[in-house]
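If you want the building blocks of each chain, they are given just below.
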Amino acid sequence: MTRYDYIIVGGGISGLSVAYNLKKKQKNFILLEKSNRLGGVIQSEKIDGFQIEKGANTVLIRNQETFLIFKDIGILEKLKLPNSSAKKRYILNNQKLIPLPTGPFSTFFHPITPLSRLIKWSFKDYFSQPIQADVTIKNFFTNRFDFFFYENLIFPMVSGIYAGNPDIMSLEYNFPKIFQYVKEYGSIIKGFQKSPRNHIPDEAKPYWNKMFSFDDGLETIIQHLEINLKGLIQKNQSVKQIEPYEGYWKVFTENQILETYQLILSVPAPTTALFLKGIEDELSQQLIGIQYVPLIVLHFTFPTAIWKRPLNGFGFLRSEKENTSILGCIFNSRIFDHVAPKGYELITVMIGGATQPDLVNEKIEKLVYKIQKEIKIILNLQKKPDLLHSQKWEMAIPEYTMLHHNLEKSLLKFYKRFSNIKILSNFWGGIGVPDCIQKGLSV
Ligand SMILES: Cc1cc2nc3c(=O)[nH]c(=O)nc-3n(C[C@H](O)[C@H](O)[C@H](O)COP(=O)(O)OP(=O)(O)OC[C@H]3O[C@@H](n4cnc5c(N)ncnc54)[C@H](O)[C@@H]3O)c2cc1C
């Protein structure tokens, strides 16, 4: 039986980041991936000259680990930074796109954030008492500021970015910094003033807090990691079962049994739950309880000439009261020039999520027709956009709800019992690609 010091199960960005870290530390390990490709939900493809992302769209360099790994695998110089106008974002309200403020001056005169409201909100925040326990995102922002703040600023962001339902999502697990500020100082403003700033290395400054992509899409990260980890990965190896055995773990795939001192699980929650059934039933039950929101990602194209007044910016999110099937829309070809042929536009529309999960079960032709009509009106196009590609994610993004408190307790109990196993996936400790990289490099 082959024995390794470490076995990593799952070749998404979480598992690959751990593998990269272990290789740097010259550890003896193997990564087992179920499918014939790496990258999990990071999937890029070029279709008819358009560069699309079926899963993750853009990545922000917002921690040192992400910067360092990119530098090390030689992809920093390949980064495509966005056009400067991509900072602009819109909120869909009454079928109209309202630009969000981009600087202090525009903020004061904006219909959503006029100076009078900003003063009221700042006053309420500054003189609030510290909160003792976690609350839902909706509860927190409605009580701290008001329903208007929640409806127009928080709901669009949470439903657009996390595709989640702020009514059940936890403040502590989704916005850990804000939770820490209000717990320690009572106020977000005070917390921001008092907490130390992140140290940004000089060489990372040009890239810091910028979203980016690559000529061949985000899969470039995966391809370079795969080259870096040559010989240390086995594809088409679906792990079926794990078993603790005299201080080791036995790992069973369809055609082999392996042994390891340290096991790292980087697979989705239902699979992790299955592995732990009969080993740690309480944790297994908590993992089954994690809800993943379903999503449909539609890519549309159209000639720039049919866009009467082309808009620059990242895209739009919808306000809570907006009656639309669209969760959010990204103006890909306005952010990055390289994603569409000259004279054409590429946009990505997200549908479903926690607030409209049933839409994902509608007939795709019917849904596409409905969205084409909506987009034509919202963007003021002369004709309907053409569908380039559709991607259905039955389990797109895990929701960090108030139930994560029980999960945390079960995880701690589990780690007390087994010190030689680690669960590192996007359902715990951060969903974004940079979060997954940071966790992987901190093992
Ligand atoms: C539509 C969508 C849009 C997103 N947009 C963004 C974005 O713009 N920016 C951002 O930062 N993040 C975004 N995210 C989130 C981010 O992409 C994910 O959270 C992250 O990529 C998850 O990586 P992971 O490795 O934890 O999981 P996964 O990518 O799910 O990888 C898990 C891997 O485990 C393998 N596996 C499963 N079972 C087994 C088994 N039994 N044996 C062996 N291997 C197994 C799978 O095949 C897969 O390769 C988005 C996600 C989605 C779905």
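Predicted, not measured: the structure shown is a model, and the values here were computed from it.

### So, the overall build of the chain
Item 1. Each helix and strand counted, the chain has 16 helices and 18 strands in total.
Item 2. Taken over the C-alpha atoms alone, the chain extends approximately 65 × 55 × 50 Å along its principal axes.
Item 3. Each of the 443 residues in the chain was classed as buried or not, and the buried ones make up 40%.
Item 4. Taking as baseline every contact in the chain between residues at least 6 positions apart, the subset at least 24 positions apart corresponds to 70%.

### Remarks on the sheet that holds strand 13 (residues 292-303)
Item 1. The seven strands lie next to each other as 7-6-14-15-16-13-17, forming an open sheet whose pairing is mixed. Each edge of the open sheet is held by one strand with a lone partner, namely strand 7 (96-99) and strand 17 (386-398). Strand-to-strand twist in this sheet, taken as the mean axis angle between neighbours without regard to direction, amounts to 25°.
Item 2. One ladder, built from nine bridges, connects strand 13 with strand 16 (residues 344-352); its direction is antiparallel. What sits directly across from valine 297, in strand 16, is methionine 350.

### Describing the site of the ligand
Item 1. Near the ligand there are 36 residues, and of these Gly10, Gly12, Ser14, Gly40 and Ala56 occur at the shortest range.
Item 2. Classifying every residue of the shell around the ligand gives 18 nonpolar, 16 polar and two charged.
Item 3. Counting only domains with at least three residues in the shell around the ligand, you end up with domain 1 (2-42 + 217-290 + 401-441) and domain 3 (292-398).

### Observations regarding the nonpolar core
For soluble globular proteins, nonpolar side chains are generally found buried alongside one another.
Item 1. Ranked by size, the top nonpolar core spans 55 residues in total, and within it Ala163, Leu295, Leu298, Val349 and Ile351 carry the most contacts.
Item 2. Considering each element in turn, this core owes the most residues, seven residues, to strand 13.
Item 3. Summarising the domain contributions, this core has at least three residues from each of domain 2 (114-194) and domain 3 (292-398).
Item 4. Core analysis: the next-biggest nonpolar cluster, separate from the first, contains 54 residues, Leu22, Ile222, Leu283 and Ile290 among them.

### Points about the packing of helix 5 (residues 137-144) against helix 6 (residues 147-162)
Item 1. The N-to-C vectors of helix 5 and helix 6 enclose an angle of 145°; their axes lie 8 Å apart at closest approach. For the element pair helix 5 and helix 6, the recorded crossing hand is right-handed. Where helix 5 approaches helix 6, its residues Ile137, Lys138, Phe141 and Thr142 are matched on the opposing element by Phe147, Phe149, Tyr150, Ile154 and Val158.
Item 2. Its residues placed into classes, the contact of helix 5 with helix 6 shows seven nonpolar, one polar and one charged.

### Things to note about the domain arrangement of the chain
Item 1. As assigned here, the chain comprises domain 1 (2-42 + 217-290 + 401-441), domain 2 (114-194) and domain 3 (292-398).
Item 2. Relative placement of domain 2 and domain 3: their C-alpha centres are 28 Å apart.
Item 3. Contacts between the two partners involve eleven residues from domain 2 and, on the opposite side, 15 residues from domain 3.
Item 4. Its residues placed into classes, the side of domain 2 that touches domain 3 shows five nonpolar, five polar and one charged.

Rules and cut-offs
- Residues numbered from 1 in each chain as written.
- Predicted model: local features only at pLDDT ≥ 70, side-chain atom pairs only at ≥ 80, totals over all residues.
- Helix = DSSP H or I, 4+ residues; strand = E, 2+ residues; numbered from the N terminus.
- Buried ≥ 20, exposed ≤ 12 C-beta atoms within 10 Å, placed from the backbone.
- Contact = placed C-beta atoms within 7 Å.
- Pairing = 2+ DSSP bridges.
- Axes fitted to C-alpha atoms, helices over the stretch in contact; angles between N-to-C directions.
- Near = placed C-beta within 6 Å.
- Nonpolar A, V, L, I, M, F, W, Y, C, P; charged D, E, K, R; others polar.
- Domains from an automatic or database assignment.
- Core = buried A, V, L, I, M, F, W, Y, C linked by C-beta atoms within 7 Å.
- Left-handed = near helix turned anticlockwise from the far one by under 90°.

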